[in-house]
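Below, each chain spelled out in residue letters.
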Amino acid sequence: MSLGGWFQPIEELSLDEIDLSDLEFWRLPHQVREGAFRSLRQRRPVARFPIPEWLLTEETESGSYHAIMRYSDVLSASRDPETFASGRGAVSIIDLPEEFLEFFGSLINTDDPRHAHLRRVVMRAFTPRRIERLDAEIGVVAHRLVENARDLGQFDFVDAIAAPLPLRIIGEIMGIPEEYDQFVLERSQRILGALDPEFVAPEMSPDESILTAALELSEFMGDLAGRQHRDDEVIGALLAADVDGAALSPSELASFFILLLVAGNETTRNALSAGMMALAEFRSVRDELIAGPSADRLSRAADEIVRLASPVVWMRRTLTRPAVLSGVSLDVGDRVLLMYPSANRDETVFEDPYRLSLDSNAARHLGFGGYGPHHCLGAHLARAEIVAVLREVLALMPAYDLTGEPEMLVSNFIAGVKRLPMRAG
């Protein structure tokens, strides 16, 4: 089954009809949203929108934010953290309430020098050298999952491969026994899928659902902390961490734990699913990889997949001093959203940006958060996992086909694939 141009933009909305603050916009077909991003990128690259009324807070803030659509502007902001700060909330358009900061305030919601100190706590777990040591295990898990899926004949790629692989690898890194993978997955989905009714219990509001899931993961971390851990497990490093002369507080430990668990599996899971969709759509690239699955080609394919997937839709920054982006003046206190899917389709940077191509300069993509202090710590890990799955799928089921349309997550923050029906071949 072909997705029929699923990656191609459709400019169905006029410029003034585009409203990124309308939840209904995020329910539109992927192609229509891509068309809207292209319209904004080309004609309104720093677009202003009111703060949404549906944000997860009892008292919605008034005011507005700017969506930054062009590659050059997103890159500039990423490289200038002194002007474009993260400390007032990188994952929320509003300033995060205290109860959310307690569980979601580490690392990505901080600025230097504390950000640099916190980043060093876990950096050793995500270095290229460490990833090389994990390669063998990633390969074993990928082979087992793909082989099992092939034997089923028809399966949901998300459930069979894309979800369990990154969960198991991040679990291994953090010292989490495999029997808890489903527990972690369900809480992760509730945290990042809070705008999708499927992941919110009827008796809960979205913010209650997020906080409950975070509390359950925090309690789980407390249980894990009392066990013996290998020296190279991240949880041991967190417990022994010394930041500014003091150990991490219980809330900081919980926040770190939740961040690594959620970020360590959700983004890669969705990139893997988008990769299967892309290789189903662009068969010539799949044929090229089957004919010559070299490490270099697979690595280029992984970067192209991350560029096309752009699993994280945006990160927020707050201006600490005036700046100008694409001719638009921004003032102190202004909020901006760095729109990664739009930046990663910028025609001035990527030739034929809506196609999967091994010849493009996809390594320049901003899918790992751009270049700067907030570049994704797990980028090497994600790339290794994508390469491993590509290698196994192309070897064990090279003629796979999709048997239905992907079912997408309702979210303005994560480009998520909930289900992807597939047939081995």
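Just so we're clear, the structure is a prediction, and the values are computed from it rather than from any experiment.

Once that is clear, we can look at the overall build of the chain. The number of helices and strands found in the chain is 15 helices and twelve strands. Counting across all 425 residues of the chain, residues that qualify as buried make up 58%. Partitioning the contacts of the chain with sequence separation of at least 6, the portion at a separation of at least 24 is 73%. Carbon and sulfur atoms provide 50% of the accessible area of the chain, an area that totals close to 17000 Å².

Another point: the sheet that holds strand β9 (residues 401-402). Paired through their backbone hydrogen bonds, the strands of a sheet run either parallel or antiparallel. Strand order in the open sheet made by the three strands is β4-β12-β9, with antiparallel pairing throughout. Two strands bound the open sheet, and with one partner strand each, they are β4 (154-156) and β9. Pairing of β4 with strand β12 (residues 421-423) involves three bridges; the strand directions are antiparallel. Within β12, the residue paired with Q154 across the bridge is R423.

Tallied over the entire structure, the rule returns ten aromatic pairs. Here F25 and F37 contribute two aromatic rings whose centre-to-centre distance is 6.1 Å and whose plane-to-plane angle is 50 degrees, an arrangement assigned as tilted. You can see F25 sitting in the segment before α1 (30-43) and its partner F37 sitting in helix α1, a full twelve residues away along the chain. Take F25 and F37: they sit in the same class, and that class is buried. Aromatic pair W26 and F37: ring centres 6.2 Å apart, planes at 50 degrees, arrangement tilted. On the criterion of sequence distance, the pair formed by W26 in the segment before α1 and F37 in helix α1 is long-range, its members being eleven residues apart. Put simply, the rings of W6, F7 and F282 pair up and form one aromatic cluster. The ring of Y400 carries the charged tip of R286 above its face, separated from the ring centre by 4.0 Å.

Along the chain, H365 falls in the loop between α14 (340-343) and α15 (379-396). Overall, H365 belongs to the buried group, its relative accessible area being 4%. A distance of 2.8 Å separates the side chain of H365 from the side chain of D303, its partner in a polar contact. Side-chain polar atoms of H365 contact the backbone nitrogen of G367, separated by 2.9 Å. Residue contacts for H365: discarding those within four places in its chain leaves D303, V306, R307, N344, F350 and Y371.

Each value, and the rule that gives it
- Residues numbered from 1 in each chain as written.
- Predicted model: local features only at pLDDT ≥ 70, side-chain atom pairs only at ≥ 80, totals over all residues.
- Heavy atoms only, no water.
- Helix = DSSP H or I, 4+ residues; strand = E, 2+ residues; numbered from the N terminus.
- Buried < 20%, exposed > 50% of the residue type's maximum accessible area, 1.4 Å probe, protein only.
- Contact = heavy atoms within 4.5 Å.
- Areas by Shrake-Rupley, 256 points an atom, 1.4 Å probe, with all protein chains shown as cover.
- Pairing = 2+ DSSP bridges.
- Phe/Tyr/Trp six-rings, centres within 6.5 Å; stacked < 30°, edge-to-face > 60°.
- Lys NZ or Arg CZ within 6 Å of the ring centre and 35° of its normal.
- Polar contact = N/O pair within 3.5 Å; in protein donor to acceptor, adjacent residues only side chain to side chain.

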